[in-house]
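A closer look at the structure
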Amino acid sequence: MSGERKEAGSVIAVISSLAAATAVTSGFLFYIGYLFLRGFYRAFNIPIELLEFTPQDVIAESGTLLVPLLLFVALYVLLIRMIGRSAVIGLQTLFWSWKSPMAIASIAFILVLTLTIPPTGEWFAKRLLSQRFTAYNFLAKPLPSVRLFAKEPLFALAPDTVTNEMHVYNHLILVAANKEYYFLHKKDSGTYVIPKKDVSVILSSSAP
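Residues numbered from 1 in each chain as written. Predicted model: local features only at pLDDT ≥ 70, side-chain atom pairs only at ≥ 80, totals over all residues. Heavy atoms only, no water.

Structural notes on the confidence of the model for the protein
On average, residues of the protein score 77 in pLDDT, and 68% of them are at 70 or above. Across the protein, the secondary-structure element scoring lowest on mean pLDDT is helix α4 (residues 91-96), at 47, and the one scoring highest is strand β4 (residues 181-186), at 93. Note that residues 85-96 has pLDDT below 50 and, in this model, 25 contacts with residues that lie over four places away or in other chains. (pLDDT = per-residue confidence, 0-100. Helix = DSSP H or I, 4+ residues; strand = E, 2+ residues; numbered from the N terminus. Contact = heavy atoms within 4.5 Å.)

The structure is reproduced here in structure tokens:
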């Protein structure tokens, strides 16, 4: 009986460890994704709170930073190894011995992430607009170029043509959308928030 209890206890311990590791990893990726998205949409002057991202969406976007993030984590682990401590952070060590070298390195790591990821997201958005990605193309999702048709003139946007009582707007980039609005960017002009109810048709276009 005692052997069976030990076995059951070991299984529970393993499951608990995996669950804790999954929770910590998910939280970390969510934090990274949130910071990246905040910076990315800041380039278009769009508050991220308007875009209704799910936690899964935010975590998925952290993959955009996969290469630099892996390098950064490797640097952190190397720093911890140089200090001569385990690369695994113990919560007790972090909170109760916050002056320890490992805790200081961990806090510095979090601060650097917090300060550098939003500007990286903003840089990423600008490079994406200019289509100047090279080696990083495999992680760059192109923003779709669209054409709008509206029966009435749209606020702040001048139509390119008016055909059959339809106002046509070309060369717009669809940055984001929620239930009520399209967030559109026009080169050398800026970002526009257009109510969906004012748009009759939106079509994808081959070039921005």
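Now that the structure has been shown, the text picks up again.
Overview of the side chain of H167
Mapped onto the elements, H167 comes out in strand β3 (residues 166-177). A distance of 3.2 Å separates a polar side-chain atom of H167 from the backbone oxygen of K151. Those residues in contact with H167 that sit more than four places away from it in its chain are L148, F149, A150, K151, E152, P153, P159, T161 and V162. (Polar contact = N/O pair within 3.5 Å; in protein donor to acceptor, adjacent residues only side chain to side chain.)

Here's the deal with the packing of aromatic side chains
Scanning the model with the defined rule gives six aromatic pairs in all. Seen in terms of ring centroids, F40 and Y41 are 5.0 Å apart; in terms of plane orientation they differ by 75 degrees. Their pairing is edge-to-face. Each member of the pair, F40 as well as Y41, carries the same accessibility label: buried. With centroids separated by 5.9 Å and ring planes inclined at 40 degrees, the aromatic side chains of Y41 and F53 adopt a geometry described as tilted. (Phe/Tyr/Trp six-rings, centres within 6.5 Å; stacked < 30°, edge-to-face > 60°. Buried < 20%, exposed > 50% of the residue type's maximum accessible area, 1.4 Å probe, protein only.)

Concerning the pairing of β3
Taken across its twelve residues, β3 has nine buried, putting it largely inside the fold. The sheet contact formed by strand β1 (residues 145-150) and β3 spans five bridges and is antiparallel. Bridge pairing in β3 links L148 to Y169. Bridge count between strand β2 (residues 161-163) and β3: three bridges; the pairing is antiparallel. Paired with V162 across the bridge in β3 is H167. Hairpin geometry of β2 and β3 is characterised by an intervening segment of two residues between the two adjacent antiparallel strands and by a positive phi of about 50 degrees at N164. Across four bridges, the pairing between β3 and β4 is antiparallel. Within the sheet, the bridge partner assigned to A177 lies in β4 and is Y182. In sequence, β3 turns back onto β4 through a hairpin of three residues. (Pairing = 2+ DSSP bridges.)

Some thoughts on the pattern of salt bridges
In this structure the tally under the stated criterion is five salt bridges. A salt bridge links E122 to K126; the shortest N-O distance between them is 3.8 Å. Of this pair, E122 and K126 are both found in helix α5 (residues 101-130), four residues apart, which corresponds to roughly one turn of the helix. On the accessibility criterion, K126 (48% relative accessible area) is partly exposed. Between D160 and K186 there is a salt bridge, with the nearest N and O atoms lying 4.0 Å from each other. With D160 in the loop between β1 and β2 and K186 in strand β4, the pair connects residues that are 26 residues apart, well separated along the chain. What you see here is one network of salt bridges that share partners, running through R42, E122 and K126. (Salt bridge = Lys/Arg side-chain N within 4 Å of Asp/Glu carboxyl O.)

Quick look at the side chain of H185
Take H185: it is sitting in strand β4. There is a polar contact of 3.4 Å between the side chain of H185 and the backbone oxygen of G190. At 3.4 Å, the side chain of H185 forms a polar contact with the side chain of T191. Those residues within four positions of H185 in sequence are excluded, and the remaining contacts are F44, L129, H171, L172, I173, V175, G190 and T191.

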